[in-house]
Amino acid sequence: MDQGYAYEEEAVEEGLTFKKIGHFFKVGYLIIIISVVAAVLLAAAVALPIKFFAKSEPVGETSIEFIYDGVDEGLDPAGGVLNTSNIIAANVLDEAVKRSELTGVVKDISKLRKYTRVEAVLPEDYLELRAAAAEGDQNAINALRNYELHPTRYTIVVSNPKGLGLSDAQTVLLLNKIVEAYMDDFQKRFSVTEMFDADMYNLSHNENVEYFDIYDEYVGSLPAVVEYLKQLQTEAPTFVSTGKGGNSTFTSLISEIGRLQDDYSRFNAFLLSNNVWKDKATAVASLENNLADITAKLDNLMQYRIEPLKQLIDGIKPNSITSVDSNGNPVVTNSYPEEYYKYLDELNELIAQSYSYQNQLSDINLRIERLDEENPTSEALLARASATVVSLESHSADLVAKVNATITDYYDTTFVSTSVRRVAPAVVTRRTMSFSIIIVFVVAAIAGLVVGCIINGVVMAKSSKKAQKVSNAPADKVGE
């Protein structure tokens, strides 16, 4: 007994040691094991029936997937942040209810919106990394730290359909219409419906606008159309519009615009050769104003943009690398930084613009030289010019409308329609409780360990106090 008492005194004096911890578990291991097993069994008795038999909620669900470039970076087709709440926006749900002919059942769109949600489906590679990290894989842990999670697949969920008054069949129908309505909404948001203004060709009725001004306006509108068509031609050289574009290709449209530009050139030649003006007295002042305006634009372009940019480019020095060829001769290779080529591209665009201004100045000077103020233009020539303008306007408007229809058809059939797809059919089911059995068992085991240690500590404390009382009792009492 003296020995036991001495041990207790030693514990108080020396504090906690590994020896005492070992003694603690050696004495109470049975209590701790029983506590852990009891906690795990209790957790199993409660969690397993809930996990495998209890159903948390009846739901209707279907899944869609985005498959365009940039979605794996969290972007929408226009380069903005992808907003998945648009999938169940009020206008989408309202349209879906109308298409489902369920307006008599679902009368409150805000209530439907409250019962509807969008859930991201986590990518497989992310799930694999997370599982590996849970097992202690350091590479997976490091990868998760830098992982940018941008799901591409989403589940549309209508929870508790019966609370909305929907049968299973009506829920499936509504989900199908939600997907259809969202795809149409997506198309409206990101499809190009009209690239160019086909209504601008309407100046023929304005008696105050000279034919040359009409020519300049209309001819100036066509290069942008051609440039965009060339870009699309490079992207999709074999595309054929089967919609309102009328079996057009981008190549055929470029050719048609080329022929229209030839028609405009012939009209310009007709105006010049016949000195056709509606009002020659006011035309002179208009031409002189145009000449001064274009000259000022060209001067500003050269002085404040082209020349400074040339100096900036000249100031960028290449990085020279010297190597030796197969004959042992030195070869110097110059490489320029990326900004050098960016400035060169910008300079080429500005030079092209300056050429455009110079061409305009040449046309204006030629018109001034040809203008004869003394002799008015005959009515016959004016009538012919007016008829030609009306014809050119009609041809231009029709052709630009055809271009717009072809571009729209291209985006609808090759981009928008393949950007969103359904990947799971609409179904009605009941979801089980979503939690990990393993985590439940681990938590239960830890709780059992803690409880076992507490019980063991209490038991040991009581035993220690009892031993102390016995040790401190008089010898005759102990003997008794």
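Read on for an overview of the structure. (Residues numbered from 1 in each chain as written. Predicted model: local features only at pLDDT ≥ 70, side-chain atom pairs only at ≥ 80, totals over all residues. Heavy atoms only, no water.)

Quick notes on the environment of isoleucine 31
Formally: Each helix is a run of H or I in the DSSP string that is no shorter than four residues. Each strand is a run of E no shorter than two, and both are numbered from the N terminus. Here the term buried applies to any residue with accessible area under 20% of the maximum for its type, exposed to any over 50%, and partly exposed to those in between, with areas from a 1.4 Å probe on protein chains only. By the convention used here, residues are in contact when the closest approach between their heavy atoms is within 4.5 Å.
Positionally, isoleucine 31 belongs in helix H2 (residues 18–52). Its relative accessible area of 26% is what places isoleucine 31 among the partly exposed residues. C-alpha separation for the pair isoleucine 31 and valine 451, spaced 420 residues apart in sequence, amounts to 9.4 Å. Ignoring sequence-local partners within four residues, the contact set of isoleucine 31 consists of Gly452, Ile455, Asn456 and Val459.

Section: the pairing of strand S3 (residues 153–159)
Regular strands show a simple pattern: their side chains alternate between the two faces of the sheet. Note the threshold: If DSSP finds at least two bridges between two strands, the strands pair.
The buried fraction of S3 amounts to six of the seven residues, a majority that puts the element mostly inside the structure. Pairing of strand S2 (residues 116–121) with S3, which is carried by six bridges, proceeds in the antiparallel orientation. Bridging across to S3, threonine 116 finds its partner in valine 158.

Some words on unusual backbone geometry
Unlike most non-glycine residues, glutamate 101 shows phi in positive territory, near 60 degrees. Of note, glutamate 101 is situated in the loop between helix H3 (90–100) and helix H4 (109–115). Even without glycine at this site, asparagine 275 takes up a positive phi of about 50 degrees. Mapped onto the secondary structure, asparagine 275 falls in the loop between helix H9 (250–274) and helix H10 (280–314).

Regarding helix H8 (residues 211–235)
The cut-off we apply is this: To estimate how far a helix should reach, multiply one less than its number of residues by 1.5 Å.
With 25 residues, H8 extends 38 Å from end C-alpha to end C-alpha; this agrees with the ideal 36 Å at 1.5 Å per step. All of the buried residues in H8 are Tyr211, Phe212, Ile214, Tyr215, Tyr218, Ser221, Leu222, Val225, Val226, Tyr228, Leu229 and Leu232. Among the structural elements, H9, helix H11 (338–370) and helix H12 (379–414) are those in contact with the buried residues of H8.

Quick word on H9
For an α-helix, the turn length of 3.6 residues means that residues three or four places apart are oriented alike. With 25 residues, H9 ought to run about 36 Å at 1.5 Å a step, and its terminal C-alpha atoms sit 36 Å apart, in line with that. Among all positions of H9, only Phe250, Leu253, Ile254, Glu256, Ile257, Leu260, Tyr264, Phe267, Asn268, Phe270, Leu271 and Leu272 are buried. On its buried side, H9 packs onto H8, H11 and H12. Asparagine 275 sits one or two positions beyond H9 and adopts a positive phi of about 50 degrees.

Things to note about a nonpolar patch on the surface
This is how the line gets drawn: Grouping into patches uses exposed residues only, defined as over 30% relative accessible area, and leaves out salt-bridged ones; the cut-off is 9 Å for like charges and 5 Å for nonpolar side chains (Val, Leu, Ile, Met, Phe, Trp, Tyr). Only the protein chains shown count as covering a residue, and every accessible area follows the Shrake-Rupley method with a 1.4 Å probe. Put simply, a salt bridge is a Lys or Arg side-chain nitrogen that is within 4 Å of an Asp or Glu carboxyl oxygen.
A contiguous nonpolar patch, built from Tyr29, Leu30, Ile33, Ile34, Val37 and Leu41 and spanning about 610 Å² of accessible area, is present on the exposed surface. Looking at the element boundaries, leucine 41 is found in helix H2. On the basis of relative accessible area, leucine 41 is assigned to the exposed category, the value being 56%.

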